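Listed here are the chains, written in short residue letters.
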Amino acid sequence: AYTEPIPNTDQKFEMVPIPGGKFVMGSPETEEGRWLLDDEGEEVKDADGNKVSVEGPQHEVEVAPFWMGKHEVTWDEYELWGLHLDWERRNMKKTEPTEYDKLADAITWPTKPYTDMTFGMGKEGYPAICMTQLAARAYCKWLSAKTGRYYRLPTEAEWEYACRAGTTTAYSFGDDAEKMDDFAWYYDNADEKYQKIGQKKPNPWGLCDMHGNVSEWVLDPVDADFYKACEGKLTSNPYNPPKEEFGRCVRGGSWDDDPEGLRSAARRGSHKDWKMQDPQIPQSIWYLTDAGFVGFRVVRPLTVPSAEEAKKFDADPAVIQEYVEAQGDKQ
């Protein structure tokens with residue numbers, strides 16, 4: 001484990017080592033909350049009358065070792081990039097940029113938010129929310145340049161493996177949702193808002209808030225077909241690159257979810273309604289005004305990828321360029 005100071009700032013964050021290993025990804029058919037429900041609360045069935053789930057079939061996965069953030073990324077960390085506070089602070093103090101600063105300054109910044117993205121729920125010590133997956137990935141790229149270490153979002157397999165922490169139960173603390181209050185912020189105890197990081201008990205590997213508080217971006221989309229393609233074989237470090245703007249996966253459930261949504265295997269795909277209140281034309285590629293329940297945490301693989309290997313995890317440059325062109329001189 002180590003603490004990473006963000007250079008030339010007063011911010012730092014903790015990283016927890018996650019040993020490599022194998023696990024069974026997805027949920028068993030007997031797990032409560034696994035099956036999709038319609039708007040009336042009825043189980044969704046396919047044309048053949050089979051119940052539908054995006055959490056199966058279960059399949060064996062092997063994951064290489066990595067570090068993961070002990071907590072979700074906070075506003076204090078995120079706004080160093082998101083609001084250009086790192087750059088503005090150096091300008092104000094007339095501090096000469098280091099070589100790392102120069103690299104970080106070259107990373108694309110988001111446009112300024114068009115409303116208070118905390119929605120009055122708190123900022124200092126609270127998890128950052130309402131960013132798109134693209135914004136979370138761009139922050140990781142900025143953080144990598146700033147620190148000189150390689151950070152990114154976790155793959156879905158890495159996230160579930162770290163969340164389970166060697167367990168096979170619905171939650172990392174067992175199958176009994178009655179114990180949820182000790183480990184997570186969710187609908188019944190969160191007072192309809194997110195809470196400061198690290199107040200609940202950690203999972204067996206020392207990670208806090210993997211269940212609840214805010215849902216967390218991973219790199220993959222919600223794609224049941226990908227699970228099916230992995231069935232019956234051992235898959236090493238699986239990653240399914242997203243091809244669409246929406247349907248990208250968040251994990252862990254949030255302050256606004258019931259216990260079933262906080263299970264280790266639970267998956268939720270992003271939706272266009274998550275930016276329904278965005279008044280801009282075109283709508284922002286950086287903010288999801290209606291996703292006050294979505295944040296993220298970072299990982300750092302033990303083996304540093306080559307530049308070519310890292311490209312598959314990078315932010316979408318074509319999407320950014322299209323947005324810049326559409327915005328014209330507003331960017």
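That block above? That's the structure.
Just so it is clear, the structure is predicted and the values come from calculations on it, not from any experiment.

Draft legend 1. Structural context of the overall build of the protein chain. Per the secondary structure count, the protein chain includes nine helices and 11 strands. The C-alpha atoms of the protein chain give 19 Å as radius of gyration, which agrees with the globular expectation for 331 residues (20 Å, within 12%). Along the first, second and third principal axes, the C-alpha set of the protein chain runs to 65 × 45 × 40 Å. Put simply, the protein chain has 331 residues, and 52% of those count as buried. Put simply, of all contacts in the protein chain between residues at least 6 apart along the chain, 78% involve residues at least 24 apart.

Draft legend 2. Spotlight on the packing of aromatic side chains. Inspection of the entire model under this criterion finds 20 aromatic pairs. A ring pair is formed by Phe13 and Tyr151, whose centres lie 5.6 Å apart and whose planes are at 70°; its orientation type is edge-to-face. With Phe13 in strand β2 (residues 12-18) and Tyr151 in the loop between α4 (133-147) and α5 (156-164), the pair connects residues that are 138 residues apart, well separated along the chain. Assigned by exposure class, Phe13 and Tyr151 land together as buried. One aromatic cluster in this structure is built from Trp75, Tyr78, Trp81, Tyr139, Trp142, Trp286 and Phe296. Across the ring face of Trp185, the terminal group of Lys200 is positioned such that the distance to the ring centre comes to 4.1 Å.

Draft legend 3. Examining the side chain of Asn240 more closely. With respect to the helices and strands, Asn240 occurs in the loop between β7 (235-236) and β8 (248-251). One polar contact links Asn240 to Asp223, side chain to side chain, over a distance of 3.1 Å. Non-local contacts of Asn240, meaning those with residues more than four positions away in its chain, are made with Asp220, Pro221, Asp223 and Phe226.

Draft legend 4. View of the nonpolar core. Judged by nonpolar contacts, the single largest core of 55 residues is most densely connected at Tyr78, Tyr139, Trp217, Trp286, Phe296 and Val298. Where this core is concerned, the elements lending two or more residues are β2, α1 (75-82), α4, β6 (215-221) and α9 (317-327). The element contributing the most residues to this core is α4, with nine residues. Apart from residues lying up to four places away in sequence, Tyr78 is in contact with Val73, Ala128, Met131, Ala135, Tyr139 and Phe296. Within the second largest apolar cluster, 19 residues are counted, among which are Val63, Tyr161, Tyr227 and Val299.

Draft legend 5. Looking closely at α5. In terms of burial, α5 is largely enclosed, as nine of its nine residues are buried. For α5, the complete set of buried residues consists of Glu156, Ala157, Glu158, Trp159, Glu160, Tyr161, Ala162, Cys163 and Arg164. Positive backbone phi, at 50°, marks Ala165, one or two positions downstream of α5.

Draft legend 6. The sheet that holds β2, seen in detail. Spatial strand order, β1-β2-β5-β11: four strands in an open sheet with antiparallel pairing. With one partner strand each, in any of the chains shown, β1 (2-5) and β11 (299-301) form the two edges of the open sheet. Going across the sheet, the axis of each strand differs from the next one's by a mean of 30°, ignoring polarity. With respect to the sheet, α5 is in contact with β2, β5 (66-69) and β11, its orientation differing from that of β5 by roughly 75°.

Draft legend 7. Quick look at the layout of surface pockets. Approximately 490 Å³ is the volume attributed to the largest pocket. Lining the largest pocket are 22 residues; nearest its centre among them are Gly33, Trp35, Glu260, Gly261 and Arg263. Of all elements in the fold, only β8 and β9 (267-269) reach the threshold of two or more residues within the lining of the largest pocket. The residue inventory of the lining of the largest pocket, partitioned by class, reads six nonpolar, six polar and 10 charged.

Draft legend 8. Highlighting the pairing of strand β4 (residues 59-63). The alternating pattern of β4 places His59, Val61 and Val63 on a buried face and Glu60 and Glu62 on a face that is not buried. In the sheet, strand β3 (residues 21-25) pairs with β4 via five bridges, with the strands oriented antiparallel. In the sheet register, Gly21 faces β4, and the bridge partner there is Val63. Of the pairings in the sheet, the one linking β4 to β7 comprises two bridges and is parallel in character.

Draft legend 9. Highlighting a negative patch on the surface. A cluster of acidic residues, Glu32, Asp175, Asp176, Glu178, Asp181, Asp182, Asp188, Asp191, Glu192, Asp256, Asp258 and Glu260, forms a negative patch at the surface. Relative to the assigned elements, Asp191 resides in the loop between α6 (180-183) and β6.

Draft legend 10. Looking closely at empty space enclosed by the protein. Applying the stated criterion across every chain, the model contains two cavities of 30 Å³ or more. Volume-wise, the largest cavity comes out at about 90 Å³. Secondary structure elements with two or more residues in the lining of the largest cavity: α5, β6 and α7 (224-230). For the lining of the largest cavity, the element with the most residues is α7, which contributes three residues. Its residues assigned to classes, the lining of the largest cavity shows seven nonpolar, two polar and four charged. Taken as a whole, the second largest cavity spans an internal volume of roughly 50 Å³. Class assignment of the residues belonging to the lining of the second largest cavity gives a composition of four nonpolar, three polar and two charged.

Cut-off values and rules
Along each chain, the written sequence defines residue order, and numbers are assigned to residues from 1. Local features in a predicted model are, by the rule used here, given only for residues with pLDDT of at least 70; side-chain atom pairs are given and counted only at 80 or more, and totals for whole chains, interfaces and linings are based on all residues. Water and hydrogen atoms were dropped before computing side-chain values, which therefore reflect all heavy atoms in the structure. For helices the rule is a DSSP run of H or I covering at least 4 residues; for strands it is a run of E covering at least 2, with both sets numbered from the N terminus onward. Atoms considered for the radius of gyration are the C-alpha atoms alone. The globule rule reads 2.2 Å times the number of residues to the power 0.38. Partly exposed describes any residue whose relative accessible area lies between the buried limit of under 20% and the exposed limit of over 50%, with all areas from a 1.4 Å probe on protein chains only and scaled to the type maximum. In this description, contact between two residues means that some pair of their heavy atoms is separated by no more than 4.5 Å. Stacked, edge-to-face and tilted labels apply to pairs of Phe, Tyr and Trp rings (six-membered ring for Trp) whose centres lie within 6.5 Å, assigned for plane angles under 30 degrees, over 60, and everything in between, in that order. Definition used: whenever NZ (Lys) or CZ (Arg) falls within 6 Å of the ring centre and also within 35 degrees of the ring normal, the charge is taken to sit over that ring. Here a polar contact is recorded for every N or O atom pair within 3.5 Å, except that within protein the pair must consist of a potential hydrogen donor and a potential acceptor, and residues adjacent in sequence are included only if both atoms are side-chain atoms. In these notes, a set of buried Ala, Val, Leu, Ile, Met, Phe, Trp, Tyr and Cys residues joined through side-chain atoms within 4.5 Å is what counts as a nonpolar core. Paired strands, in this sense, are two strands between which DSSP finds at least two bridges. Note on geometry: axes are lines fitted to C-alpha atoms, helical ones only across the stretch in contact, with angles between N-to-C directions running from 0 to 180 degrees. Grid points spaced at 1 Å over the protein atoms alone were grouped into cavities, where a 1.4 Å probe fits but cannot get out, and pockets, open sets with protein on both sides within 12 Å along at least five of seven lines, with lining residues defined by an atom within 4 Å of a point. Grid points are joined across faces, edges and corners, and a volume is the space filled by probe spheres set on the points. Lys, Arg, Asp and Glu make up the charged group, whereas Ala, Val, Leu, Ile, Met, Phe, Trp, Tyr, Cys and Pro make up the nonpolar group; the residues left over, Gly among them, are polar. Surface patches are defined over residues having more than 30% relative accessible area and no salt bridge, joining like charges when they lie within 9 Å and nonpolar side chains (Val, Leu, Ile, Met, Phe, Trp, Tyr) when within 5 Å. To be clear on the numbers: accessible area is Shrake-Rupley with a 1.4 Å probe, and residue cover counts the displayed protein chains and nothing else. The working definition used for a salt bridge is a side-chain nitrogen of Lys or Arg within 4 Å of a carboxyl oxygen of Asp or Glu. Positive residues here are Lys and Arg, negative ones are Asp and Glu, while His and the chain termini are left out of the count. By convention, the point assigned to a charge is CZ for Arg, NZ for Lys, CD for Glu and CG for Asp.

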